[in-house]
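The residues making up each chain are set out below.
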Amino acid sequence: MKTNKSLLSALLVLAGLAWQSAAIAQADAAASSPAASEPAAAAVPAASAPAAPAPVGQGTEYSEKGADTCLRCHDPDSDAPPFSTAAIFKGPHAHRGDARAPFGPGGLQCEACHGPGGRHSGKSGGKKTLTINSLKTSSFLPPEERDQPCLTCHQGQARSAWHVGAHDRSGLACTDCHKLHADRDPVTDKSTQAEVCFRCHKQQRAEFNKTSSHPVRFGRMGCTDCHNVHGSTSTAMLNKPTVNQTCFTCHAEKRGPLLWEHAPVAEDCTLCHTSHGSVRPALLAKTPPLLCQQCHSTAGHPSVARNGAALPANGGAGTSVFLVAGGCTNCHSQVHGSNHPAGAKLMR
């Protein structure tokens, strides 16, 4: 009896395994052929697929021989001041050993900056159409598209705030200030940088020509020593967060800490000084004692405002000394602060 039961159990197990194998084979066959109720997806011809839009006004094909194709027309005979085709080979963009440079290994040479020039250099009249990014102010492309080739390589913290700067709001492009086809970019050289900036900043040109000014006109300073021309969140696009921190970059002796501080010094240097130039010594905004009397006017002290009647020629009695020479600084010589124990009045 027990033998019959064991045999029956074995037969049932074998039958189950055979049914499972058949089910798996049927599922594989169904997966390999499409179901009758679901039509096969029609193959879409490649020609009917929408093509990627080409850049506005530019061709999508590169020239056959790169720079050699361009130089057939853009040769030294076509140069006009200050543009020089050959000068590009004297700058960092044509450095053959730099993989980042357009003329480096595997670079696109001229077309890395000017875009695909297949149509521009072809025989189909491409030169007469808007096919190339000339990078010039007269280009048909807006500043954002003209800047795109530059920003593809030149990225970093110095340009991270370009979109909040005054130059971007004014619609300037990189090549409005920078010259690529030149032996040396004028805006990167302190001796010539100011002239580039002065083309727009006329008032600053006049201020730097005053009797007291920072030595920008002598080439010993550049505008970028104080300003971040690529954009900054600070006032007047300063390199540092505040005016004082910018000034302390050079005038570290005024930083302190001092035992006796003059409040305007710690607050804002421009309360007493102009930034670019002045007709008064030390770039002062006003002549002492008038400058000091904006804050100090204690009755009974020589800081009380004087007028022309105090001059010797007008019969002034004993008061002319406060209107000549250094004014208040005749006595209060330590106007930026003092570390002397008895320097509370900034006199020593």
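Residues numbered from 1 in each chain as written. Predicted model: local features only at pLDDT ≥ 70, side-chain atom pairs only at ≥ 80, totals over all residues. Heavy atoms only, no water.

Here the focus is the overall build of the protein. In terms of helices and strands, the protein carries ten helices and four strands. In sequence order, the secondary structure elements of the protein are arranged as α-α-α-α-α-α-α-α-β-α-β-α-β-β. Of all 348 residues assigned to the protein, the portion counted as buried reaches 25%. Long-range pairs, those at least 24 residues apart, make up 46% of the contacts in the protein between residues at least 6 apart in sequence. (Helix = DSSP H or I, 4+ residues; strand = E, 2+ residues; numbered from the N terminus. Buried < 20%, exposed > 50% of the residue type's maximum accessible area, 1.4 Å probe, protein only. Contact = heavy atoms within 4.5 Å.)

This brings us to helix α5 (residues 143–153). Taken as a whole, α5 has its buried residues at R146, D147, P149 and C150. Take α5 and look down its axis: the buried residues cluster within an arc of 140 degrees, on one side only. Of the exposed residues in α5, those oriented more than 90 degrees away from the buried face are E144 and T152. Buried residues in α5 make contact with α3 (111–114). (Arc of directions from axis to C-beta.)

So, on to the environment of N209. Along the chain, N209 falls in the loop between α8 (202–208) and β1 (212–213). Between the alpha carbons of N209 and H276 there is a distance of 9.2 Å; along the sequence they are 67 residues apart.

What follows deals with unusual backbone geometry. In this structure, the amide linkage connecting G256 to the following residue, P257, adopts the cis form with an omega of 5 degrees. Note on placement: P257 falls in the loop between α9 (243–248) and β2 (260–261). Positive phi values are uncommon outside glycine, yet L135 reaches one of about 65 degrees. As for its position among the elements, L135 is in the loop between α4 (118–121) and α5.

To continue, consider empty space enclosed by the protein. Summed over the entire model, instances satisfying the criterion amount to one cavity of 30 Å³ or more. Approximately 110 Å³ is the volume found for the largest cavity. Looking at the largest cavity, the residues that line it are I88, H93, P102, F103, Q109, C110, C113, H114, L180 and H181. Partitioning the lining of the largest cavity into residue classes produces six nonpolar, four polar and no charged. (1 Å grid on protein atoms, 1.4 Å probe; cavity = no way out; pocket = protein on both sides within 12 Å on 5 of 7 lines; lining within 4 Å. Points joined across faces, edges and corners; volume = space filled by probe spheres on them. Nonpolar A, V, L, I, M, F, W, Y, C, P; charged D, E, K, R; others polar.)

With that out of the way, let us pick up helix α7 (residues 190–198). Looking at α7, one finds that the buried residues are Q193, A194, V196, C197 and F198. In this structure, the buried side of α7 is in contact with α8.

Once that is clear, we can look at the pattern of salt bridges. Summed over the entire model, instances satisfying the criterion amount to seven salt bridges. D189 is the partner of R184 in a salt bridge, and the nearest nitrogen-oxygen pair spans 3.3 Å. Judged by relative accessible area, R184 falls into the exposed class, the value being 59%. One salt bridge in this structure joins R205 and E195, with 3.3 Å as the shortest N-O distance. Here R205 is found in helix α8, whereas its partner E195 is found in helix α7, with ten residues between them in sequence. (Salt bridge = Lys/Arg side-chain N within 4 Å of Asp/Glu carboxyl O.)

A few words on the side chain of E111. By the secondary structure assignment, E111 is in helix α3. With no salt bridge to any partner, buried E111 finds its closest opposite charge in R72, at an N-O distance of 10 Å. In contact with E111, other than residues within four places in its own chain, are Y62, S63, G66, P116, G117 and G118. (Lys, Arg positive; Asp, Glu negative; His and termini not counted.)

Another point: the confidence of the model for the protein. For the protein, the average pLDDT comes to 77, and 70% of its residues sit at 70 or higher. Least confident of the elements in the protein is helix α1 (residues 2–32), whose mean pLDDT is 52; most confident is strand β3 (residues 277–278), at 96. Overall, residues 29–58 carries pLDDT values under 50, and its contacts beyond four positions in sequence, including any with other chains, amount to 15 contacts. (pLDDT = per-residue confidence, 0-100.)

For the structure shown, the criterion picks out zero disulfides. The thiol of C73 is unpaired, and the distance to the nearest cysteine sulfur, on C70, comes to 8.8 Å. Its relative accessible area of 41% is what places C73 among the partly exposed residues. C295 takes part in no disulfide bond, and the closest cysteine sulfur to it belongs to C272, at a distance of 7.3 Å. (Disulfide = S-S within 2.5 Å.)

Before going further, it helps to examine the packing of aromatic side chains. In the structure shown here, the tally under the stated rule is two aromatic pairs. For the pair F89 and F103, a centre-to-centre distance of 5.3 Å together with 70 degrees between the ring planes defines the contact as edge-to-face. Here the residue F89 occupies a position in the loop between α2 (67–70) and α3, and F103 occupies one in the loop between α2 and α3, the gap between them amounting to 14 residues. Assessed through its relative accessible area of 42%, F89 is described here as partly exposed. Between F198 and F208, the ring centres sit 6.0 Å apart and the planes meet at 40 degrees, which makes this aromatic pair tilted. Taken together, the positions of F198 in helix α7 and F208 in helix α8 put the pair ten residues apart, joining distant regions of the chain. Take F198: its relative accessible area is 6%, and that puts it in the buried class. (Phe/Tyr/Trp six-rings, centres within 6.5 Å; stacked < 30°, edge-to-face > 60°.)

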